[in-house]
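Tertiary structure, described
Here is how the chains run, residue by residue.
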Amino acid sequence: MTPRPQRNLSKSNAQFQRALKRLPLGVSSTFRYWGEDRTIYVARGKGGRTWDIDDNCYVDYRLGYGPAILGYADDRVDAAARKGMDVGGVFALSTERELIVADRIAKMVPAAELVRFSNSGTEAVMAALRLARAHTGRESYLLVEGGYHGLFDAAMWQADVEGWQEGGNTDPEVVPYGKGIPPTVRSLVHLTPMNDAQRLEDMFRRHGNDLAAMLIEPIQGNCCSIMANAEYVHLARELCTRYGVMLIIDEVKSGFRVGKGGIQGILGVTPDITTFAKAVANGYPIAIVAGREDVMRSFRYGGASHGGTYTAHSVSLAAADECLRILDETPALETLADYGERLKSGISSILNARGIVHSFSGHPSMFGLFFAPEPPDNYRAWKTSDYSFYDRMAHYLHDLGIICEPDSREPWFMCEAHGTDPTCLADTLRAVETAVDLTLEDMEAEGAKDAAHV
């Protein structure tokens, strides 16, 4: 039997009980709640590692859902941010650095002819959809099943695959993510499966003349990095052009991570509007709406409204200036992608040695792991797959000092510091090997128990 890992969370558990009296679920985001006895509170982070208040050290592949692309507390970016503090913070007025950063973005992403700044991915996508509506004069929009575009009413709709009969003649019901989303919004939203060209053409044939926008994450950052194939994205581009629909490529997670020009550069497609956020400033809060000049100039008095007191904050803007310089001018992206490839190879060796069928999805800088011969290529296929092995393994990985999302929705994110720290890979693979063996032992024990009850 493999020894069971022991992790002391006494301080985190005590903090949870105190926080619960003032904060719903004891946290400031529902997704940070991992259970009453497993929710952790961070003390600090550096490079590719995080320490909790119990002084447990973790190799971190969550990275705040991807922003720490260089690693936590990167000395270069933090030094730039401190200089940004000297500017004075927030003025609700413009500074010269806005143009400097916008020029860098336009250089890296050809589709970013004009740029506006926001504070978060959600804000950026909200503005992008509003911009598309203003430019087209239309209201409805098309989402791809499994895509995640932030926490606002228009984006929080999903295909209800639970109880849906796969292979039948009906689609899953379109339902909100949770309570508090007005049912009246439902009349404006349409959903279509990823990588189904025929269904996409049918959707445009029925609704294309009424659509303001199609929103797509070609790498689904909240659904295991499932990828759209190039043919599907190019078809979406062609259909949007034909019907006068704005193609919005949401690169909040993939932008400046999978390549200097994002996933759109890899696929060779030019959107009308793009959103960026996570990797722009190595964790400082900033987001971007960018796109075609004629579309972006709809941000004007009498056109689409856009603003925000904290947009282009001097600290975040200075951090973005330096982070994008590093991504553009140094081998940082190659370093973290190479690390991702080595990590995948090491995980494969462990699983192959045990005869465990598996596959990966996405990009080496943000990949998903599946225990199936091929990864799913759409949300329905993932939702109806068996991800119990992954969820159990992730539970053990936390106890063994590896942070990944507790379920299989989120990709594993790489940072430059992972690739420059000589211990991250070995520590991770050692933990993965133990977590896999523990999961196998659990499954064998449960199988024996089930057999005993037959």
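What this report covers is the structure whose coordinates are included nearby. The structure presented is a predicted model; accordingly, all values stated were derived computationally and were not measured. (Residues numbered from 1 in each chain as written. Predicted model: local features only at pLDDT ≥ 70, side-chain atom pairs only at ≥ 80, totals over all residues. Heavy atoms only, no water.)

1. What about the packing of aromatic side chains?
- Under the criterion given, the structure shown has 10 aromatic pairs.
- Judged by centre distance (5.7 Å) and plane angle (45°), the ring pair of Phe 204 and Tyr 243 falls under tilted. In this pair, Phe 204 sits in helix α5 (residues 197-207) while Tyr 243 sits in helix α6 (residues 230-243), placing the two residues 39 residues apart along the sequence.
- Residue Tyr 243 is classed as buried on the basis of its relative accessible area, which comes to 16%.
- Arranged with centres 5.1 Å apart and planes meeting at 15°, the rings of Trp 382 and Tyr 387 form a pair that is stacked. (Phe/Tyr/Trp six-rings, centres within 6.5 Å; stacked < 30°, edge-to-face > 60°. Helix = DSSP H or I, 4+ residues; strand = E, 2+ residues; numbered from the N terminus. Buried < 20%, exposed > 50% of the residue type's maximum accessible area, 1.4 Å probe, protein only.)

2. Brief notes about the side chain of Arg 380
- Mapped onto the fold, Arg 380 is located in helix α11 (residues 379-383).
- Among residues more than four places away in sequence, those in contact with Arg 380 are Glu 145, Val 161, Trp 164, Asp 171, Pro 172, Pro 193 and Arg 199. (Contact = heavy atoms within 4.5 Å.)

3. Examining the nonpolar core
- Ile 105, Phe 117, Phe 256, Leu 327, Leu 343, Leu 397 and Trp 412 are the most contacted members of the largest nonpolar core, which has 61 residues in total.
- Apart from the residues lying within four places of it in its own chain, the contact partners of Leu 397 are Ile 402, Cys 404, Trp 412, Ala 431, Val 432 and Ala 435. (Core = buried A, V, L, I, M, F, W, Y, C linked by side-chain atoms within 4.5 Å.)

4. A look at α5
- What α5 keeps buried is the set Leu 200, Asp 202, Met 203 and Phe 204.
- Against β5 (140-144), β8 (189-192), β9 (211-216) and α6 lie the buried residues of α5.

5. A word on the sheet that holds β5
- Strand order in this open sheet of seven strands is β4-β14-β13-β12-β9-β5-β8, and the pairing throughout is mixed. What marks the edges here is a single partner per strand, and that holds for β4 (114-118) and β8. Here the strands of the sheet are splayed against their neighbours by 20° on average, with no regard to which way each runs.
- Where strand β13 (residues 273-276) lies against strand β14 (residues 287-291), four bridges are found, and the strand directions are antiparallel. Counted as the bridge partner of Thr 274 is Ala 290 from β14.
- Packed onto the sheet, helix α3 (residues 97-108) meets β4 and β14 and runs at close to 120° relative to β4. (Pairing = 2+ DSSP bridges. Axes fitted to C-alpha atoms, helices over the stretch in contact; angles between N-to-C directions.)

6. Notes on the pattern of salt bridges
- Inspection of the entire model under this criterion finds 37 salt bridges.
- Here Arg 76 and Asp 74 are joined by a salt bridge, their closest N and O atoms 2.8 Å apart.
- Note that Asp 171 and Arg 380 form a salt bridge whose closest N and O atoms lie 3.2 Å from each other. In this pair, Asp 171 is assigned in the loop between β6 (157-160) and β7 (173-176) and Arg 380 in helix α11, connecting sequence segments 209 residues apart.
- Residue classification places Arg 380 among the buried residues on the basis of a relative accessible area of 11%.
- Residues joined by salt bridges that share partners form a network here, namely Arg 104, Lys 107, Lys 260, Glu 322, Arg 325, Asp 328 and Glu 329. (Salt bridge = Lys/Arg side-chain N within 4 Å of Asp/Glu carboxyl O.)

7. Looking at unusual backbone geometry
- Positive phi, normally seen in glycine, also occurs at Ala 92, with a value near 55°.
- Here Ala 92 falls in the exposed class, since its relative accessible area comes to 58%.
- You will see that Phe 256, though not glycine, has its phi angle at about 60°, which is positive.
- Turning to its location among the elements, Phe 256 is positioned in the loop between β12 (246-251) and α7 (262-267).

8. Topic: the sheet that holds strand β16 (residues 366-370)
- One open sheet accounts for three strands, arranged β15-β16-β18; its pairing is antiparallel. Edge positions in the sheet fall to β15 (359-363) and β18 (412-413), since each of these pairs with one other strand and no more.
- Note: β15 against β16, five bridges, orientation antiparallel. The partner of His 363 across the bridge, within β16, is Met 366.

9. Topic: the layout of surface pockets
- The computed volume of the second largest pocket comes to approximately 440 Å³.
- Residue lining of the second largest pocket: 23 residues in total, with Ser 94, Glu 98, Val 115, Arg 116 and Phe 117 positioned closest to the centre.
- Only α3 and β4 provide two or more residues apiece to the lining of the second largest pocket.
- Ranked by the residues each element gives to the lining of the second largest pocket, the list is headed by α3, at five residues. (1 Å grid on protein atoms, 1.4 Å probe; cavity = no way out; pocket = protein on both sides within 12 Å on 5 of 7 lines; lining within 4 Å. Points joined across faces, edges and corners; volume = space filled by probe spheres on them.)

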